Every structure is written in structure tokens, then in C-alpha cells.
Amino acid sequence: MGWDPRSAGNYAKAQAEPGPTSNCAAYVRQAIHAGGINVINTHHAKDYGPMLEAAGFRKISSTQSPMAGDVVVIQPYTGGSASGHMAIYDGQDWYSDFKQRDFWGGPGYRSSKPSYQMYRMN
């Protein structure tokens, strides 16, 4: 089975919690799996870039408009979670363990704007 970003996005949307649970990496990895791609598990969201690339995702520029199935990996910021954050786009909204307002996933990320990388399946 190939990559199905719609299935990944639908899974992320269906599994979304009412608010953050500090389990963004697990939720996003499971959504990617629901879309037909297995990504090796790593503990911290901030460390998923190489795992996504190994699974066939490629880095894309932050100036590109997000498409369904795109994933963002965000590095930690001072005073925030040491694990960083990650989320997947369903074509309309960003999801991690909850439906996000934007890809930042929270006010601390939004104000600190730590480095991040977007990924898209080849």
C-alpha cells in the first residue's frame, strides 16, 4: 500500500484529544501509519526528522504551502518541553494529539518561534 495522506489526516482528526496530552509524537506516528507508512519510533518529537526521511519523506521549504500529509517537526524552546513538537496537516488543519490552531501547536511555540522543518512524502 502506498502513501494515502487523506487516511493519515482522517486518522489524526478522529484520534484528536480535546487538548494537549504531551504525546504528539505517538499520535502523529500513528496517523502516518494509518496513511500506509511505517516510521521508526523515537522518544522525542524533535528527533523525528531522520526517521521521516528514512520512511520516504523529504524536507520542504517553510515557504511552501502545506499539503495534506505534510508533517512539521519543531525543536524545543526555552521553558517548553525538551521533546519539541510535531504535527500533521490534513489539508485544512494541523493535528498532533489535538486539533491545533496552527502548526505551532501552542502559545509558547508561537511566541518563541523555535527552528522547525516541514516534511512531505515523495
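*Asks:* What is the right way to read the environment of Ser115 from this model?
*Replies:* Relative to the elements of secondary structure, Ser115 occurs in the loop between helix H4 (107-112) and strand S5 (116-121). In this structure, the C-alpha to C-alpha distance between Ser115 and Gly84, residues 31 residues apart in sequence, is 10.0 Å. Beyond its immediate chain neighbours, meaning those up to four positions away, Ser115 contacts Val73, Ile74 and Gln75.

*Asks:* I tried to follow the nonpolar core on my own but got confused; where do I start?
*Replies:* Soluble globular proteins tend to pack their nonpolar side chains together in the buried interior. Counting 21 residues, the largest nonpolar core has Ile32, Leu52, Phe57, Val71, Met86 and Ile88 as the members making the most contacts within it. The set of elements that each furnish at least two residues to this core consists of helix H1 (5-15), helix H2 (24-34), strand S2 (71-74), strand S3 (85-89) and S5. By residue number, the principal contributor to this core is H2, which donates five residues. Beyond its immediate chain neighbours, meaning those up to four positions away, Phe57 contacts Trp3, Ile32, Ile37, Leu52, Gly69, Val71, Tyr119, Arg120 and Met121. By size, the runner-up hydrophobic cluster in this structure holds ten residues, among which are Ala87, Trp94, Phe103 and Tyr109.

*Asks:* Mind showing me how you'd approach the layout of surface pockets here?
*Replies:* Here the largest pocket is characterised by a volume of approximately 450 Å³. As for the largest pocket, its lining consists of 26 residues, of which Ser22, Asn23, Cys24, Ser81 and Gly84 are closest to the centre. Breaking the lining of the largest pocket down by element, the ones donating at least two residues are H2 and H4. For the lining of the largest pocket, the class distribution of residues is ten nonpolar, 14 polar and two charged.

*Asks:* Whenever I open this one, the sheet that holds strand S1 (residues 57-60) confuses me. Can you help?
*Replies:* Strands pair in a sheet through their backbones, by hydrogen bonds, and they do so in one of two ways: parallel or antiparallel. Across the sheet, five strands lie side by side as S1-S5-S2-S3-S4; this open sheet has antiparallel pairing. Each end of this open sheet is capped by a strand with a single partner; those strands are S1 and strand S4 (94-95). As defined by bridge partners, S2 adjoins S5 across four bridges and the pair is classed as antiparallel. Its bridge partner being in S5, Val71 is matched across the sheet by Tyr119. Packed onto the sheet, H2 meets S1, S2, S3 and S4 and runs at close to 30° relative to S3.

*Asks:* Where do I start with the pattern of salt bridges in this structure?
*Replies:* Following the criterion strictly, the structure yields four salt bridges and no others. One salt bridge in this structure joins Lys46 and Asp47, with 3.4 Å as the shortest N-O distance. Take Lys46: its relative accessible area is 26%, and that puts it in the partly exposed class. The salt bridge partner of Asp102 is Arg110, with a shortest N-O separation of 2.8 Å.

*Asks:* Looking at this model, I keep getting lost on the packing of aromatic side chains. Mind explaining?
*Replies:* How two aromatic rings sit relative to each other is given by the distance of their centres and the angle of their planes. Counted by the stated rule, this structure contains seven aromatic pairs. Linked through ring pairs, Tyr89, Trp94, Phe103, Trp104 and Tyr116 together constitute an aromatic cluster.

*Asks:* Is there a simple way to think about the side chain of Thr42 in this case?
*Replies:* Considering the arrangement of structural elements, one finds Thr42 in the loop between H2 and helix H3 (49-54). Using a relative accessible area of 17% as the deciding quantity, one classes Thr42 as buried.

*Asks:* Teacher, can you tell me more about the pairing of S3 here?
*Replies:* Each regular strand carries side chains that alternate between the two faces of the sheet. Of all five residues making up S3, five are buried, and the element is well covered by its neighbours. Because side chains alternate across S3, one face comprises the buried residues His85, Ala87 and Tyr89, and the other comprises Met86 and Ile88, equally buried. For S2 and S3, the ladder comprises four bridges, and the chain directions are antiparallel. Its bridge partner being in S3, Val73 is matched across the sheet by Met86.

About the cut-offs
- Residues numbered from 1 in each chain as written.
- Predicted model: local features only at pLDDT ≥ 70, side-chain atom pairs only at ≥ 80, totals over all residues.
- Heavy atoms only, no water.
- Helix = DSSP H or I, 4+ residues; strand = E, 2+ residues; numbered from the N terminus.
- Contact = heavy atoms within 4.5 Å.
- Core = buried A, V, L, I, M, F, W, Y, C linked by side-chain atoms within 4.5 Å.
- Buried < 20%, exposed > 50% of the residue type's maximum accessible area, 1.4 Å probe, protein only.
- 1 Å grid on protein atoms, 1.4 Å probe; cavity = no way out; pocket = protein on both sides within 12 Å on 5 of 7 lines; lining within 4 Å.
- Points joined across faces, edges and corners; volume = space filled by probe spheres on them.
- Nonpolar A, V, L, I, M, F, W, Y, C, P; charged D, E, K, R; others polar.
- Pairing = 2+ DSSP bridges.
- Axes fitted to C-alpha atoms, helices over the stretch in contact; angles between N-to-C directions.
- Salt bridge = Lys/Arg side-chain N within 4 Å of Asp/Glu carboxyl O.
- Phe/Tyr/Trp six-rings, centres within 6.5 Å; stacked < 30°, edge-to-face > 60°.

Function-wise, these values are silent; they only describe arrangement.
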